[in-house]
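Remarks on the overall topology
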Amino acid sequence: MKNKAIILFILLTLLLSGCSKSDVSKSESNTSNENTESTSLNESKDENTTNKINYNEVKPNELGKIMVLMYHNIGQDESTWVRTPDNFRKDLNTLYKKGYRAIRLNDYVSGNINTKVGFTPVVITFDDGNENNFRVFEKDGNIKIDPNCAVGILEDFKKSHPDFDTTATFFLNSNIFNQPEYVDYKLKFLLENGYDIGNHTSYHTDLSKSDKDTIQNTIVQEIEVINKYIKDYPINTLALPFGGKPQGEDYIYAIKGDYNSISYDNNAVLLVGWDPYKSPYHKDFDFSKIHRVRASETNVDNVGLYDWLNKFDENKEIKYISDGDPTTICIPETYKDVLNTDIQDKIIITY
Ligand SMILES: [Zn+2]
């Protein structure tokens, strides 16, 4: 009897909340959608979140730019390629307060952006797989993560800021985080906790000085090293060591190739510098030449993380602002010309 009463209560609550939700979306959509134009119809979209927002207030712009942040080391002495633990925490806090939310690299390139309405996606990457990216130690028979390594700081931030959607991609060479006995633990931990692993070539090879065999070899060797530990995980993103681009027609081997009967087909190839990159819905977005931003304040030649944050704040550079609905692309009317019109699986909303 008691159980039945509880079930009835739950059903009633669901029914009531369901009703009020659709009422709200209907009444609000009548007012906020007055100046919008949808170029594609979808009957099931009546209650989606986009229909509930006031475009002129939120000003979504899903053709604005996105920062792909590039980190290398976390260490005690700040320098060109080293961020201190406190400065890395400061970066995360600043991003959070300014309305940025982390997304996965593969979601960025595929345009599967789930960032909440009004917020701006940001991609976090680490190159070289140094020990200070992910250091563990054993205490009382348990493996503990160093709270001052990158993963330790990210995990801590994730707990205190669950809505930041904390994630990052670690681009690795053959020496994975420099603690050979813990490679298995670390790679599995990363996958189980929402991080991603990318290719930085086996020997940190400068691909601008390599022939096509060397390029494919060093990419495939790294896939072999990583897949020894995590068998079926697809290594389909590449950060070019030194930002070195394969010459001329050989660039294709940064994207795809094969060696030793192992083939690869990268979804994203990342360069080194210097600026926020295009929205994946932009007609000139190139997944094989994604720009990154130096996530530092030291020797960044006025194009570091904080310079771009200021430019976004001052509207000198226009950032991506989400409409909260991954099934739509919402843009101001003036951006229509730069939209990739080949995109078929999204509803386009202009205002
Ligand atoms: Zn590197």
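Overview of the structure. The shown structure was predicted, so the numbers you read here are calculated from the model rather than taken from an experiment.

**What about the overall build of the protein chain?**
- Per the secondary structure count, the protein chain includes nine helices and 17 strands.
- Relative to its full complement of 351 residues, the protein chain shows a buried share of 39%.
- For the protein chain, the proportion of contacts with a sequence separation of at least 24, taken over those separated by at least 6, is 67%.

**A closer look at helix H5 (residues 150–160)**
- Buried within H5 are the following residues: Ala150, Val151, Gly152, Ile153, Leu154 and Phe157.
- In the core, the buried residues of H5 are packed alongside strand S2 (67–71), strand S3 (73–74), helix H3 (85–97), strand S6 (120–127) and strand S8 (142–145).

**Brief notes about the packing of H3 against H5**
- Contact geometry for H3 and H5: axes closest at 10 Å, N-to-C directions at 40°. Regarding the angle of H3 to H5, the classification is oblique. Where H3 crosses over H5, the two elements pack in a sense that is right-handed. Contact residues: Pro85, Phe88, Arg89 and Leu92 in H3; Ala150, Ile153 and Phe157 in H5.
- Tallied by class, residues from the contact of H3 with H5 come to six nonpolar, no polar and one charged.

**Description of unusual backbone geometry**
- Despite not being glycine, Asn260 has its phi angle at roughly 55°, a positive value.
- Among the secondary structure elements, Asn260 is positioned in the loop between strand S12 (256–259) and strand S13 (262–265).
- Judged by the 11 C-beta atoms lying within 10 Å of it, Asn260 falls in the exposed class.
- Phi is positive for Asn315, which is not a glycine, with a value near 60°.
- Here Asn315 lies in the loop between helix H9 (305–313) and strand S16 (328–331).

**Describing H3**
- Look at H3: 18 Å from first C-alpha to last across 13 residues, which is about the 18 Å you get at 1.5 Å a residue.
- Listing the buried residues of H3 in full gives Phe88, Asp91, Leu92 and Leu95. Projected onto a plane normal to the axis of H3, the buried residues spread over an arc of 90° and lie on a single side.
- In this structure, the buried residues of H3 make contact with S3, strand S4 (82–83), strand S5 (100–102), S6, H5 and H9.
- Count one or two residues on from H3 and you reach Gly99, which has phi positive near 90°.

**Concerning the environment of Asp325**
- Structurally, Asp325 can be placed in the loop between H9 and S16.
- Separated by 212 residues in the primary sequence, Asp325 and Ile113 have C-alpha atoms spaced 8.1 Å apart.

**Observations concerning the pairing of strand S7 (residues 136–139)**
- In this sheet, S8 lies alongside S7 in antiparallel orientation, the contact comprising four bridges. Paired with Lys139 across the bridge in S8 is Asn142.
- The antiparallel pairing of S7 with S8 creates a hairpin that spans two residues between the two strands, and Asp140 there sits at a positive phi of about 50°.

**Some thoughts on the environment of Asp184**
- Within the fold, Asp184 resides in helix H6 (residues 183–192).
- When the 13 C-beta atoms within 10 Å are taken as the criterion, Asp184 is described as partly exposed.
- Measuring from C-alpha to C-alpha, the distance between Asp184 and Tyr229 comes to 5.6 Å, with 45 residues separating the pair along the chain.

**Examining the nonpolar core**
- With 68 residues, the main nonpolar core has Val68, Leu69, Val122, Val123 and Ala150 as its most contacted residues.
- If sequence neighbours within four positions are ignored, Ala150 has contacts with Tyr71, Ile74, Phe88, Phe126, Asn132, Asn133 and Phe134.
- Grouped together as the second largest cluster of nonpolar side chains are ten residues, Ile53, Cys330, Ile349 and Tyr351 included.

**Points about the environment of Asp128**
- Along the chain, Asp128 falls in the loop between S6 and S7.
- By C-beta crowding, Asp128 is classed as buried, having 21 other C-beta atoms within 10 Å.
- Considered as a pair, Asp128 and Asn173 are 45 residues apart in the sequence and their alpha carbons are 6.0 Å apart.
- Once residues within four sequence positions are removed from consideration, Asp128 is found in contact with His72, Asn173 and His200.

Thresholds applied
Residues numbered from 1 in each chain as written. Predicted model: local features only at pLDDT ≥ 70, side-chain atom pairs only at ≥ 80, totals over all residues. Helix = DSSP H or I, 4+ residues; strand = E, 2+ residues; numbered from the N terminus. Buried ≥ 20, exposed ≤ 12 C-beta atoms within 10 Å, placed from the backbone. Contact = placed C-beta atoms within 7 Å. Axes fitted to C-alpha atoms, helices over the stretch in contact; angles between N-to-C directions. Parallel < 35°, antiparallel > 145°, perpendicular 65-115°, else oblique. Left-handed = near helix turned anticlockwise from the far one by under 90°. Nonpolar A, V, L, I, M, F, W, Y, C, P; charged D, E, K, R; others polar. Expected span 1.5 Å × (residues − 1). Arc of directions from axis to C-beta. Pairing = 2+ DSSP bridges. Core = buried A, V, L, I, M, F, W, Y, C linked by C-beta atoms within 7 Å.

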